[in-house]
Every structure is written in structure tokens, then in C-alpha cells.
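Descriptive structure summary
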Amino acid sequence: MTLRMRSRSSFFCWFFFLLQRPGQAEFFQQFSSVRTLPTALLKDSIPVATWSRRRRRYDNSSSLHQGRNKAKLLSSIKSRLRTTGYFYGLQENMVSSSPRQQQKPEKESMDVLMNHALAELRGMRQEMSALRKDLKTMKRQLGQEDDDDDDFADSPVPLLARIQKQREWDKVGMEIEQWAEKILFEEGSQEEEDGWKEVKCSKLCSQYNKDGNIQCYVKWMKDSRGELATKDDEELYACIKLYATLDSPMEQVCEYLSDADSLPDYNDIVVKHQDLEDITPHSKICWGQSPKILFIKPRDFVTFCHHRWLRDGTQVVVNQACDPDDYADAMHQSKSLKAFALRGANFISPHPDDPNKTRFSLVAHANPGPDISPWMARLAVKNLVPIEPFKLFHKINKCVQSHEIDPERTQMVNTSPGRSNRPGGLSQMGYACFWPKGGGLKEGFLHAHHPDQVDPIEHHKMEEEENQADQQQHTDQQQQHTDQQQQHTDQ
């Protein structure tokens with residue numbers, strides 16, 4: 001044992017001495033591993049079995065380490081070659097990896113994106129609400145009144161749902177207006193042509209139409225609400241259209257009709273009314289109640305009302321029946337029977353020839369209720385239509401003449417862009433809607449007038465001009481056709 005240790009120590013001393021001498025390093029490079037030298041020199045001092053066992057263990061571990069070292073060396077060389085900084089003397093950790101090698105972030109699902117968007121919208125809504133409250137506080141401190149638009153800021157209905165609802169109702173309002181324009185200004189008034197039958201004022205109430213400024217027509221038709229009409233309802237209901245001329249300026253008429261306190265003076269058909277829901281500054285859902293009329297018991301009406309101003313100064317107020325069950329809580333559980341002001345429209349426009357007069361065009365289609373049989377409905381229309389419409393406009397004309405315009409009410413009270421400051425609204429059969437501070441949309445288009453409201457001489461001139469235009473167009477078409485034939489012949 002002592003001899004073996006001495007041999008090992010003497011060998012190491014001799015080995016390191018040779019390494020320090022110049023030129024000896026090249027000699028040792030001939031060996032595959034430096035560790036083979038001591039084992040070769042000490043072979044004679046170790047038993048054969050021990051030497052064989054140790055040699056096998058060394059060969060296995062050496063080959064394994066050599067394989068691992070070679071793999072590590074190759075991978076490090078490849079990684080350095082992939083980085084451009086290696087050729088400029090930069091370390092690998094100082095150079096960022098190529099964009100192609102960077103892992104792309106995983107795309108978020110649609111649900112996650114929608115949740116993020118909704119969260120952002122909620123935050124924006126809260127910030128806008130806080131800002132609106134601050135502005136309202138500043139207005140109160142300055143002594144200014146709040147706009148009607150502020151009434152829709154703190155609504156419990158979510159913002160997106162409220163916007164969608166407003167768009168749907170505005171679309172309904174435009175559909176009603178187009179339907180009414182076709183009936184009032186395009187269809188004729190002859191029973192043989194379009195089914196309209198003129199109704200004269202009752203002789204017992206002839207004072208309601210002394211000057212003959214009111215013309216009334218009746219037609220029986222199905223539910224006119226389009227897609228919102230009651231399914232499988234083939235019943236016919238009375239529809240009334242009326243044309244009247246009022247002996248007062250339009251500003252005076254609109255201001256008087258927009259005052260809710262004036263309702264009992266001219267409308268006997270509505271005894272109670274209430275606003276159930278404000279949809280926009282120019283539209284709302286209203287509740288109205290009619291009294292007992294002949295054999296018809298009191299009725300409840302839930303009606304959508306919408307108003308706007310056309311370019312020629314005409315005020316348009318349209319209405320359509322809603323389902324009363326949707327507003328049962330707001331109606332305070334009224335025990336009256338249900339009726340429906342299916343569709344209607346009011347066109348209030350200035351007289352083109354006399355600024356001190358106003359033209360009024362009305363269409364109203366109503367369903368008295370499921371408990372009224374068809375023969376009872378026709379009996380009621382036969383007795384009421386020759387009186388009630390004429391009485392309504394006779395009272396309006398009389399009351400407006402005695403009404404004085406309030407300068408304070410005509411001031412600009414609604415400064416929202418695209419909206420009018422003129423007061424609007426009125427009460428008609430089954431409903432009452434008022435916008436005393438304005439808010440109606442200032443947009444629209446010019447519309448025609450019914451022949452009953454046009455001067456005969458002017459109407460004849462208009463017809464002649466239209467005929468001349470048609471003839472000129474026909475002549476131009478013939479000349480164009482002749483020119484085309486001539487070009488074809490020349491070719």
C-alpha cells in the first residue's frame with residue numbers, strides 16, 4: 001500500500017515537471033486523454049482484475065462525457081452563429097433574438113374581447129355620467145335650466161340597449177309617417193278609387209263647419225301596423241282622414257296645442273293622460289283614457305308618440321298602439337277595457353298663401369277593443385264621425401284665436417344640435433303627448449298637399465306644368481330613340 005502511494009506521488013511530480021518544460025506539451029497531445037497516462041504507468045502495480053474493472057468503468061464514463069461535451073459544443077456554436085452580434089464581438093446575452101424566433105402571443109377568444117370591450121364601455125359611461133352631473137351642477141349655479149337630454153342620462157336601462165331601442169322606435173316613426181303621407185297626399189278621396197267615403201257634418205251640428213273648412217273621409221281597413229300588427233286578425237277597423245284650415249298663425253297653433261292645460265278645452269275624448277316612458281327627447285310612450293261614449297265603456301290606450309319638423313316648417317306628430325300589458329305597472333292597474341289607436345299622424349303646416357292661417361291634415365286608425373262587435377263598431381262610427389271630428393277642430397280653431405303667445409315660452413329652451421326649440425305635441429283620439437320645451441328633430445323633406453287644400457287655379461296650373469313636363473320628356477325620349485336608329489344605320 002505504501003509502495004503504491006509512493007509510486008503515484010512520484011509520478012505526479014514527474015508529470016508536472018515535464019509539462020513545465022518547453023516543447024513537452026506537443027508530446028502529450030498525441031494521447032487522446034491526459035488521464036490515460038497515469039493509468040498506463042501504474043498498470044504494473046495494480047492487479048489484473050482490478051485494472052480490467054476500472055478500465056471498463058473509465059471507458060464507459062469517458063465515452064459518455066465526450067458525447068455530451070460534443071453535443072453541447074455544437075449547440076453553442078450554432079446558437080452563436082445564429083446571432084449577428086457574434087461576428088462583432090458581442091456576447092450572446094447582449095443580442096436580442098430574431099423576431100421570427102419570438103413566440104407570437106396567443107389570440108384571445110371572442111368572449112374575452114367582448115368582456116374587455118364591455119368593461120371599457122362601462123368605464124366610459126361612468127365617466128360621462130360623472131361629467132354630466134358636474135355640468136348640471138354648474139348650470140344650476142349659473143341659474144340655467146337643464147336640457148331635456150339630461151333626463152335620459154341616469155336611466156337604469158343599459159346604454160347599448162337604450163340606443164338600440166331608440167333606433168327601433170325611430171324606424172317605426174318613419175314607417176308611420178310614410179304610411180300617412182301616402183294616405184293623405186297620394187291616395188284619392190273617391191270611394192270608387194281607393195275606398196274612401198266622405199262624411200258630411202251633421203245638420204244638428206252644422207255650426208261646427210260653417211265655412212266648409214273641414215273635410216272628413218272614412219275607410220274600413222285591417223290592422224295597419226305592418227309587422228307589429230296582430231296576427232290572424234282579419235277584422236276591419238274604421239280609419240278617418242281629415243283636412244282643416246285654422247284661422248290662426250302656425251306658431252300660435254303649435255304653442256296652444258303643446259300646452260297640456262289646454263287639453264280639456266278642445267278634446268272631450270281624453271279625460272286622463274300620463275307619460276309612461278321617455279324614449280328620446282322627441283318620442284315617448286303615453287297612456288290615455290277615454291270616457292264612456294254611447295254604449296262604449298271607458299277605454300285605456302297605450303300609444304307610442306313621435307314628432308319632428310320638416311324643412312318647410314311642418315310639424316309631424318305620429319302615433320302607434322303599444323301592448324298595454326307591457327306597461328301594466330305604470331298604469332296603476334286600471335280596470336278600464338283596452339282599446340288601440342292603431343296608427344295615426346298629424347301634419348300641421350303654415351298656409352302658403354296666408355301667414356295668418358294654418359293647414360291641418362289628420363289620419364287616425366283605431367280598434368275600439370275586442371269586446372266591440374263589428375256591427376256595434378259600424379253603428380258607433382255612423383253616429384260619432386259626423387259630429388266629433390268637426391267639433392274637435394271647431395273648438396281648436398276657436399280656442400287658438402283667443403290664445404295669446406307667451407314670449408317666454410317661445411325662447412330657445414332646447415339647444416341640442418339637430419333639434420328644434422319650438423314647442424310641439426297635441427292631444428287626439430285616445431292619446432295626449434306634449435313637448436312644451438321643444439326637442440323635435442329638425443330634418444325631413446318637402447311633401448305635397450292634398451287637392452282639398454290647394455287652390456283650384458293653382459292646382460290647374462300645376463297640372464298643366466306637369467303635363468308639359470311629361471310631354472317634353474316623351475319628346476326627348478323619341479328624339480333619342482331616332483338618333484340611336486340613325487347611328488345604327490350609319491354603322
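Residues numbered from 1 in each chain as written. Predicted model: local features only at pLDDT ≥ 70, side-chain atom pairs only at ≥ 80, totals over all residues. Heavy atoms only, no water.

Another aspect to go through is the overall build of the protein chain. From N to C terminus, the protein chain includes 12 helices and 13 strands. Out of the 491 residues belonging to the protein chain, those deemed buried represent 38%. Restricting to contacts in the protein chain with at least 6 residues of sequence separation, those with at least 24 account for 65%. With the model as given, the accessible surface of the protein chain reaches about 31,700 Å², and the carbon-plus-sulfur share is 53%. (Helix = DSSP H or I, 4+ residues; strand = E, 2+ residues; numbered from the N terminus. Buried < 20%, exposed > 50% of the residue type's maximum accessible area, 1.4 Å probe, protein only. Contact = heavy atoms within 4.5 Å. Areas by Shrake-Rupley, 256 points an atom, 1.4 Å probe, with all protein chains shown as cover.)

This part takes up the state of the cysteines. Taken as a whole and assessed by the stated rule, the structure comprises 0 disulfides. Lacking any disulfide linkage, cysteine 322 is separated from the closest cysteine sulfur, that of cysteine 305, by 8.4 Å. (Disulfide = S-S within 2.5 Å.)

In this section: the pairing of strand 4 (residues 272–280). Relative to strand 5 (residues 283–290), strand 4 runs antiparallel, the two sharing 7 bridges. Bridge pairing in strand 5 links glutamine 274 to tryptophan 287. Linking two consecutive strands that pair antiparallel, namely strand 4 and strand 5, is a turn of 2 residues. (Pairing = 2+ DSSP bridges.)

Turning next to the pattern of salt bridges. According to the stated counting rule, one finds 11 salt bridges in the structure shown. A salt bridge links arginine 308 to glutamate 177; the shortest N-O distance between them is 2.8 Å. Residue arginine 308 is located in strand 6 (residues 299–309), and its partner glutamate 177 is located in helix 6 (residues 159–186); the two are separated by 131 residues in the primary sequence. For the pair arginine 308 and glutamate 177, a shared accessibility class is recorded, and that class is buried. (Salt bridge = Lys/Arg side-chain N within 4 Å of Asp/Glu carboxyl O.)

A few words on the nonpolar core. By size, the foremost hydrophobic cluster in this structure holds 41 residues, and its most contacted members are Leu257, Phe360, Phe393 and Ile396. Listed by contribution, the elements that provide at least two residues to this core are strand 2 (214–221), strand 3 (237–246), helix 8 (250–257), helix 9 (263–266), strand 6, strand 10 (358–367), helix 11 (388–401) and strand 12 (431–435). At 6 residues, the largest contribution of residues to this core is made by helix 11. Core analysis: the second largest hydrophobic core is formed by 27 residues, Val172, Val318, Cys322 and Tyr327 among them. (Core = buried A, V, L, I, M, F, W, Y, C linked by side-chain atoms within 4.5 Å.)

The next subject is the packing of helix 8 against helix 11. The contact between helix 8 and helix 11 brings their axes to 10 Å, and the two run at 105 degrees. Comparing their axes, helix 11 and helix 8 come out roughly perpendicular. Contacts between helix 8 and helix 11 involve Gln252, Val253, Tyr256 and Leu257 from the first element and Ile396, Cys399, Val400 and Gln401 from the second. (Axes fitted to C-alpha atoms, helices over the stretch in contact; angles between N-to-C directions. Parallel < 35°, antiparallel > 145°, perpendicular 65-115°, else oblique.)

Before going further, it helps to examine the side chain of asparagine 209. In this fold, asparagine 209 is placed in the loop between strand 1 (197–199) and strand 2. Asparagine 209 sits in the buried class, given a relative accessible area of 18%. Only 3.3 Å separates the side chain of asparagine 209 from the backbone nitrogen of glycine 212, close enough to count as a polar contact. If we skip the residues at most four places from it in the chain, asparagine 209 touches Cys201, Ile214 and Phe390. (Polar contact = N/O pair within 3.5 Å; in protein donor to acceptor, adjacent residues only side chain to side chain.)

This paragraph deals with the environment of serine 248. Summarising the element assignment, serine 248 is placed in the loop between strand 3 and helix 8. Relative accessible area serves as the criterion here: at 2%, serine 248 is assigned to the buried category. Sequence separation between serine 248 and histidine 351 is 103 residues, and the spatial gap between their C-alpha atoms is 9.8 Å. With residues up to four places along the chain from it excluded, the contact list for serine 248 reads Val253, Asn356, Lys357, Thr358, Val400 and Gln401.

Let us now look at helix 10 (residues 374–384). Restricting attention to buried positions, one finds in helix 10 the residues Met376, Ala377, Ala380 and Val381. Viewed along the axis of helix 10, the buried residues span an arc of 135 degrees, placing them on a single side of the element. Exposed residues on helix 10 whose side chains face more than 90 degrees from its buried face are Trp375 and Lys382. Where helix 10 is buried, its residues contact strand 2 and strand 3. (Arc of directions from axis to C-beta.)

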